[in-house]
Amino acid sequence: MFTLPQEESRAPATGLGSASTRDSNYGDGLERECSRKPDQKLPDPCDPTAMFSSNSSYLSSRGGIIKWFWDSAEEGYRTYHMDEYDEDKNPSGIINLGTSENKLCFDLLSRRLSQSDMLRVEPSLLQYPDWRGHLFLREEVARFLSFYCKSPVPLKPENVVVLNGCASLFSALATVLCEVGEAFLIPAPYYGAITQHVCLYGNVRLVCVHLDSEVTGLDTRPFQLTVEKLEMALQRAHSEGVKVKGLILINPHNPLGDIYSPGELRDYLEFAKRHELHVMVDEVYMLSVFEKSAAYCSVLSLEGLPDPQRTHVMWATSKDFGMSGLRFGTLYTENRDVATAVASLCRYHGLSGLVQYQMAQLLQDRDWINQVYLPENHARLKAAHTYVTGELRALGIPFLSGGAGFFIWVDLRKYLPEATFKEEMLLWRCFLDNKVLLSCGKTFECKEPGWFRLVFSDKAHRLCLARVLTSPQGCRGSGRCLRANPRQQKPRLPVRARSQGASTGELVIAQ
């Protein structure tokens, strides 16, 4: 993800979001975004012709910008996929701890998806469907969300729209809710690919609500979102002539792993109602809360939404069911106009009838989900998380983790010679050169250089290979490998003078 340089931006202080690109499953795409050259500039998506010319005579200016997004961050992607770790074929390849995928439960999923009830072929499944999704699937989605979101009243199938993933949902909602050049507020750091989702079709901006790691009191936590910060960002955008149409919330949060309390959610929704803002709530990790003490609350569980006509909830199977390659996402909104407009775009983002049938079968199998999949998935996530956080504590590396999602927000600021994003990128490249792929904080619009997202939801032997890290300072020039035989003594990251007051050990484990 790349920030528009201030001297070229129409609205520099709003933190216009930036470009992110795809990963191997076209979803997360963050493992290669730190590879941009430091002086590489981003064209203003709100003025596609300003200071930008396509290098192809075959493309429109819009097509040139779309191609630019693809071309601008290829280093990490190419490097990883040309040297991907494989236990048998390429044991010295790159370990990917940058892409947020759950790789822990393939055995469970493959057995369930291979059962005979998953395969059915009939004429209606091979013909054009209702673009909102087959009714049988929307009914199952409504029942599924009613149960797992703990909705106080049954959710309605007519308020459900089904498409191929949350990326398409972000794109469709941005297009139908905003005019070109309008904006959504989004707390930062945030999952950087959203920038591309809302920009490429809708030409919609993101106005960052910048959060920081400083703890100012006993009742505060690092990177905490408050209504006061939302108000300040909104007023700043208005003063710069940017029209804000909505607010994006990610709960559980990516990359922080934070979980908003019911009171916080209601405060954010009340703020949005006061300013007549739409709220897009991404709940794609709602079933990936593995800490029992981490109480999760869906927006759909709240009694009496402050503004139900402007509240739109997204969920998908890509994270909670480890199916990022299957491409299934769903929108729940009580606003029929919004549902209809998004459904109209589903002719470009729909699912095949066979996949819709499989998804309905999966979502209705409550016994398998509750008794087999979720308990085992949570246990495996917990075990992997415990292992990685234990290693981080042993190395004296601060981190944040809220007991949800697949990632840990790791503080490597003390390993930057200078607190700059250039140094952060050099550290990211150091890890990549030494066969470990992470996602750096700049890809999430973190305003503090030195934070990285580390994905732990992988097989134990891969985590074990990736654990043996030498000093980022030493690897830059020495060629020392960041990995070693797990049986060998583990090198330790040497203690250095810490920048920006970073402490050793764990910063916080959110409740």
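Keep in mind it's a predicted model, so treat the numbers as computed, not measured. In this numbering scheme, every chain counts its residues from 1 along its sequence in written order. pLDDT decides what is reported in this predicted model: residues at 70 or higher carry local features, side-chain atom pairs at 80 or more are listed and counted, and totals for whole chains, interfaces and linings draw on all residues regardless. Water and hydrogen atoms play no part in the side-chain values, which are based on all heavy atoms of the structure.

Quick notes on helix α12 (residues 366-394)
Under the 1.5 Å per step criterion, the end-to-end length of α12 is 40 Å for 29 residues, consistent within 8% with the ideal 42 Å. Along α12, the largest kink reaches about 35° and is centred on Tyr373; proline Pro375 follows within four residues of it. When accessible area is computed with a 1.4 Å probe and restricted to protein chains, residues below 20% of their type maximum are described as buried, those above 50% as exposed, and intermediate ones as partly exposed. Where helices and strands are cited, they refer to DSSP runs of H or I of at least four residues and of E of at least two residues respectively, numbered from the N terminus. What α12 keeps buried is the set Trp368, Ile369, Tyr373, Leu374, Asn377, Leu381, Ala384, His385, Val388, Thr389, Glu391 and Leu392. A positive backbone phi angle near 70° is found at Gly396, which sits one or two residues after α12. Given the number of residues in a helix, its expected span is that number minus one, multiplied by 1.5 Å. Axes are fitted to the seven residues ending at a residue and to the seven starting at it; the angle between these axes is taken as the bend at that residue.

Quick word on the pairing of strand β4 (residues 205-210)
Of all six residues in β4, five are buried; the element is thus mostly enclosed. Taken together, the six bridges between strand β3 (residues 183-188) and β4 define a ladder with parallel strand orientation. Paired with Ile186 across the two strands is Cys208, which belongs to β4. A clockwise course of the path from the first strand over the helix to the second, judged with the strands pointing away from the viewer, identifies a crossover as right-handed. Tracing the backbone out of β3, into helix α6 (residues 193-199) and back to the parallel element β4 gives a crossover that is right-handed. In this scheme, strands are said to pair when DSSP sees at least two bridges between them.

Quick notes on the nonpolar core
For our purposes a nonpolar core is just a set of buried Ala, Val, Leu, Ile, Met, Phe, Trp, Tyr and Cys residues, chained together by side-chain atoms within 4.5 Å. With 137 residues, the main nonpolar core has Phe144, Phe184, Leu185, Ile194 and Phe321 as its most contacted residues. Counting residues per element, this core draws most heavily on α12, at eight residues. Ile65, Trp68, Phe69 and Leu200 belong to the second-largest nonpolar core, a separate cluster that totals five residues.

A few points about the sheet that holds strand β6 (residues 278-282)
Spatial strand order, β2-β8-β7-β6-β5-β3-β4: seven strands in an open sheet with mixed pairing. Edge positions in the open sheet fall to β2 (160-163) and β4, since each of these has one partner strand only. Adjacent strand axes in the sheet meet at a mean angle of 25°, parallel and antiparallel pairs treated alike. In this structure, β6 lies alongside strand β7 (residues 311-316), joined through four bridges in parallel fashion. Residue pairing in the sheet places Met280 in a bridge with His312 of β7. Running over the sheet, helix α7 (residues 227-239) touches β3, β4 and β5 (244-250) and is turned about 135° from β4. Orientation is described by axes fitted as lines to C-alpha atoms, over the contacting stretch for helices, and by angles from 0 to 180 degrees between their N-to-C directions. Contacts are assigned to residue pairs with any non-hydrogen atoms lying within 4.5 Å of each other.

Concerning the environment of Leu381
Mapped onto the elements, Leu381 comes out in helix α12. The exposure class assigned to Leu381 is buried, which follows from its relative accessible area of 0%. A sequence separation of 90 residues divides Leu381 from Glu291, and the C-alpha atoms of the two residues are 9.2 Å apart. Every residue in contact with Leu381, bar those within four places of it in the chain, is listed here: Asn102, Leu104, Ser288, Phe290, Gly405, Phe406, Phe456 and Ser457.

Quick notes on the packing of aromatic side chains
Each pair of aromatic rings is reported with the distance of its centres and the angle of its planes. Note on aromatic contacts: the rings of Phe and Tyr and the six-membered ring of Trp form a pair at centre separations within 6.5 Å, being stacked when their planes are under 30 degrees apart, edge-to-face when over 60 apart, and tilted otherwise. One pass over the structure, following the stated rule, counts 18 aromatic pairs. An angle of 50° between the planes, with centres 6.1 Å apart, marks the rings of Tyr128 and Trp131 as tilted. The class of Tyr128 is exposed, set by a relative accessible area of 75%. Judged by centre distance (6.2 Å) and plane angle (85°), the rings of Trp315 and Phe321 are edge-to-face. Each member of the pair, Trp315 as well as Phe321, is classed as buried. Through successive ring pairs, a cluster of aromatic residues spans Phe144, Phe147, Tyr148, Trp315, Phe321, Trp368 and Tyr373. The ring of Phe147 carries the charged tip of Arg366 above its face, separated from the ring centre by 4.5 Å. Sitting over the face of the ring of Phe421, Lys442 holds its NZ or CZ atom 4.5 Å from the ring centroid. In our convention, an over-ring charge means Lys NZ or Arg CZ found within 6 Å of a ring centre and within 35 degrees of that ring's normal.

Quick word on the pairing of strand β13 (residues 451-455)
Here β13 lies mainly inside the structure; five of its five residues are buried. Across five bridges, the pairing between strand β10 (residues 407-411) and β13 is antiparallel. In the strand pairing of β13, Asp411 is matched with Trp451. In this sheet, β13 lies alongside strand β12 (residues 439-440) in antiparallel orientation, the contact comprising two bridges. Paired with Cys440 across the strands is Phe452, a residue of β13.

Considering the pattern of salt bridges
For this document, the term salt bridge refers to a Lys or Arg side-chain nitrogen within 4 Å of an Asp or Glu carboxyl oxygen. One pass over the structure, following the stated rule, counts 22 salt bridges. Here Lys435 and Asp83 are joined by a salt bridge, their closest N and O atoms 2.3 Å apart. Here Lys435, found in the loop between α13 (421-433) and β11 (436-437), pairs with Asp83, found in the loop between α2 (75-82) and β1 (95-96); they are 352 residues apart in sequence, far enough to count as distant. Given a relative accessible area of 23%, Lys435 falls into the partly exposed group. A residue is classified by how much of its surface remains accessible, and Asp83, at 17% relative accessible area, is buried. Two residues, Glu182 and Lys245, come together in a salt bridge whose shortest N-O distance is 3.4 Å. With Glu182 in the loop between α5 (166-177) and β3 and Lys245 in strand β5, this pair connects stretches of sequence that are 63 residues apart. Of the residues examined, Glu182 reaches a relative accessible area of 8% and is grouped as buried. Three or more residues joined by partner-sharing salt bridges are found here, namely Glu87, Asp458 and Arg462.

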